[in-house]
Amino acid sequence: MGSGASHESATAAVAAGVSEDEVAAHLASLDKKPCTIYYSPFSNNSMGAAMTATACGCAELKLVDLAGEQKSDAYLAINPYGQVPGLTDDSNGLKLGESHAILRYLATQYKPSLYPGNPASRARIDMCMDNFTNYVFLKCYNGSINCVIGELLGLDAWPYPADQAAANAEFVAALDKWAGLYLASGPFVCGEELTIADYRAVGLLYTIMQPKIKEKTGFVPPDNVASYVSAVLAKDPAAAVLLTENTGKFLA
Ligand SMILES: N[C@@H](CCC(=O)N[C@@H](CS)C(=O)NCC(=O)O)C(=O)O
């Protein structure tokens, strides 16, 4: 990827003795970034990719209009499932869908400290992200969150639950379980430094703290989740800007 030496990835560069700061300086010097991240402000799957790519300094962000652009032939050539996020990397021709695959690729290729350690450490990050998606994120579709987003977008895909208080309690239980597993030692999911697991989780966790969610559903996030979001945004001001400008404006 260049950076003073010729290396295929930042992982290889760092292993060869190049510092991540040198990799970052090289990326910052480029007129055109190698990657493009295709995203929508209404999609926390894609906000995670947008924040990670911004932290890596390797990508331009491109909005996809979820009114149909995601099913266009041009976009299906990037992500055959017609969803955001998508990624292209001009340096090697890669096209990718699937948020977790994109986060792992971005870190491995451009900023390995975001996906650090040996296979056991990385497996822990993988498990955290999969746990989050399967047991927290996907709960939003029938519970406290997507009903509000659906209403604001004029979609009837996610009606309000018949028993809002029960849905809220179920979502709090899901958050408590995940937070108990991954936020207990903090300040971040894997300790002292941000990893891709934080970028995977923080978009949704920021979303659930927004005023419109409480106004429409009465949902109040657990205190430890709110503190965690504040810690992530304080650590990465660029992520804070992305969330404030996208999710925050939408749900103010
Ligand atoms: N498993 C996929 C899910 C992606 C996904 O559900 N994307 C949604 C937005 S959050 C989307 O593009 N929806 C529009 C559609 O399905 O047409 C991932 O993690 O990237």
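Labelled according to an unreviewed UniProt entry, the chain appears under the name GST N-terminal domain-containing protein, originating from Pelagomonas calceolata.

**Q** Would you explain the sheet that holds strand 2 (residues 59-63) in this entry?
**A** The strands that make up a sheet are held in pairs by hydrogen bonds between backbone atoms, and each pair lies either parallel or antiparallel. The 4 strands are arranged 2-1-3-4 in an open sheet whose pairing can be described as mixed. Each edge of the sheet is formed by a strand with only one pairing partner; in this case those strands are strand 2 and strand 4 (94-97). Recorded for the sheet is a direction-independent mean angle of 15 degrees between the axes of neighbouring strands. Pairing of strand 1 (residues 35-39) with strand 2 involves 5 bridges; the strand directions are parallel. Among the inter-strand pairings, tyrosine 39 is bridged to a residue of strand 2, identified as leucine 63. Running at roughly 155 degrees to strand 1, helix 3 (residues 44-56) makes contact with strand 1 and strand 2 of the sheet.

**Q** Sorry if this is basic, but what is going on with the pattern of salt bridges here?
**A** In a structure, side chains of opposite charge can pair up when their charged atoms sit close to one another. Going through the model one piece at a time under the given rule, you end up with 7 salt bridges. In this structure, glutamate 151 and lysine 216 form a salt bridge, with 2.9 Å as the shortest nitrogen-oxygen distance. Linking glutamate 151 in helix 7 (residues 146-153) with lysine 216 in helix 10 (residues 211-217), this pair joins segments that are 65 residues apart in sequence. You can call glutamate 151 partly exposed: its relative accessible area is 39%.

**Q** Where do I start with unusual backbone geometry in this structure?
**A** Trans is the common state for peptide bonds, and a negative phi is the common state for residues other than glycine. Omega for the bond connecting valine 84 with proline 85 falls within 30 degrees of zero, at 5 degrees, which places this linkage in the cis form. Along the chain, the position of proline 85 falls in the loop between helix 4 (73-76) and strand 3 (86-89). In this structure, the amide linkage connecting glycine 186 to the following residue, proline 187, adopts the cis form with an omega of 5 degrees. Tracing the sequence through the fold places proline 187 in the loop between helix 8 (164-182) and helix 9 (196-207). Within the chain, glutamate 98 stands out as a residue other than glycine whose phi angle is a positive 75 degrees. One can find glutamate 98 in the loop between strand 4 and helix 5 (99-110).

**Q** Looking at this structure, how should I read the site of the ligand?
**A** Neighbouring residues of the ligand: Ser43, Asn45, Gln70, Lys71, Gly82, Gln83, Val84, Pro85, Glu98 and Ser99. Valine 84 is positioned such that a nitrogen or oxygen atom in its backbone is 2.9 Å from a nitrogen atom of the ligand. Here a nitrogen atom of the ligand and a side-chain polar atom of glutamate 98 are 2.8 Å apart. The protein chains hide 75% of the 510 Å² of surface that the ligand would expose on its own.

**Q** Sorry, what's going on with the packing of helix 11 (residues 223-235) against helix 12 (residues 237-250) here?
**A** Any two packed helices are characterised by how steeply their axes cross, that is the angle between the axes, and by the distance between the axes. Here helix 11 crosses helix 12 at 115 degrees, and the two axes come no closer than 5 Å. Every residue of helix 12 that contacts helix 11 at Leu233, Ala234 and Lys235 is listed here: Pro237, Ala239, Ala240 and Leu243. Taken together, the residues of the contact of helix 11 with helix 12 break down into 6 nonpolar, no polar and 1 charged.

**Q** For this particular structure, what's the right way to read the domain arrangement of the chain?
**A** The accessible area lost on association of the parts is a frequent measure of interface size. Under the domain assignment, the chain is made up of domain 1 (10-113) and domain 2 (116-250). The interface of domain 1 with domain 2 comprises 21 residues on the first partner and 24 residues on the second. Carbon and sulfur atoms supply 64% of the area that domain 1 and domain 2 bury against each other, a total of about 1,900 Å² over both sides. The tally of links between domain 1 and domain 2 comes to 1 salt bridge. For arginine 104, the salt bridge identified is with aspartate 126, shortest N-O distance 3.1 Å.

**Q** Is there a simple way to explain the packing of aromatic side chains in this structure?
**A** Two aromatic rings, taken as a pair, are described by how far apart their centres are and by the angle between their planes. Here the structure, examined in full by the defined rule, presents 6 aromatic pairs. Here a set of aromatic residues connected by ring pairs shows up, and it is made of Phe132, Trp178 and Tyr182. Positioned above the aromatic ring of phenylalanine 137 is the side chain of arginine 200, whose terminal nitrogen or guanidinium carbon lies 4.7 Å from the ring centre.

**Q** Help me out: how do you make sense of a nonpolar patch on the surface in this one?
**A** Side chains of Phe42, Leu153 and Leu155 sit close together on the surface and give an oily, nonpolar patch of about 240 Å² of accessible area. Here phenylalanine 42 shows up in the loop between strand 1 and helix 3.

Calculation rules
Residues numbered from 1 in each chain as written. Predicted model: local features only at pLDDT ≥ 70, side-chain atom pairs only at ≥ 80, totals over all residues. Heavy atoms only, no water. Pairing = 2+ DSSP bridges. Helix = DSSP H or I, 4+ residues; strand = E, 2+ residues; numbered from the N terminus. Axes fitted to C-alpha atoms, helices over the stretch in contact; angles between N-to-C directions. Contact = heavy atoms within 4.5 Å. Salt bridge = Lys/Arg side-chain N within 4 Å of Asp/Glu carboxyl O. Buried < 20%, exposed > 50% of the residue type's maximum accessible area, 1.4 Å probe, protein only. Near = heavy atom within 4 Å. Polar contact = N/O pair within 3.5 Å; in protein donor to acceptor, adjacent residues only side chain to side chain. Areas by Shrake-Rupley, 256 points an atom, 1.4 Å probe, with all protein chains shown as cover. Nonpolar A, V, L, I, M, F, W, Y, C, P; charged D, E, K, R; others polar. Domains from an automatic or database assignment. Buried area = accessible area lost by both parts, 1.4 Å probe. Phe/Tyr/Trp six-rings, centres within 6.5 Å; stacked < 30°, edge-to-face > 60°. Lys NZ or Arg CZ within 6 Å of the ring centre and 35° of its normal. Patch = residues over 30% accessible without salt bridge, like charges linked within 9 Å, V, L, I, M, F, W, Y side chains within 5 Å.

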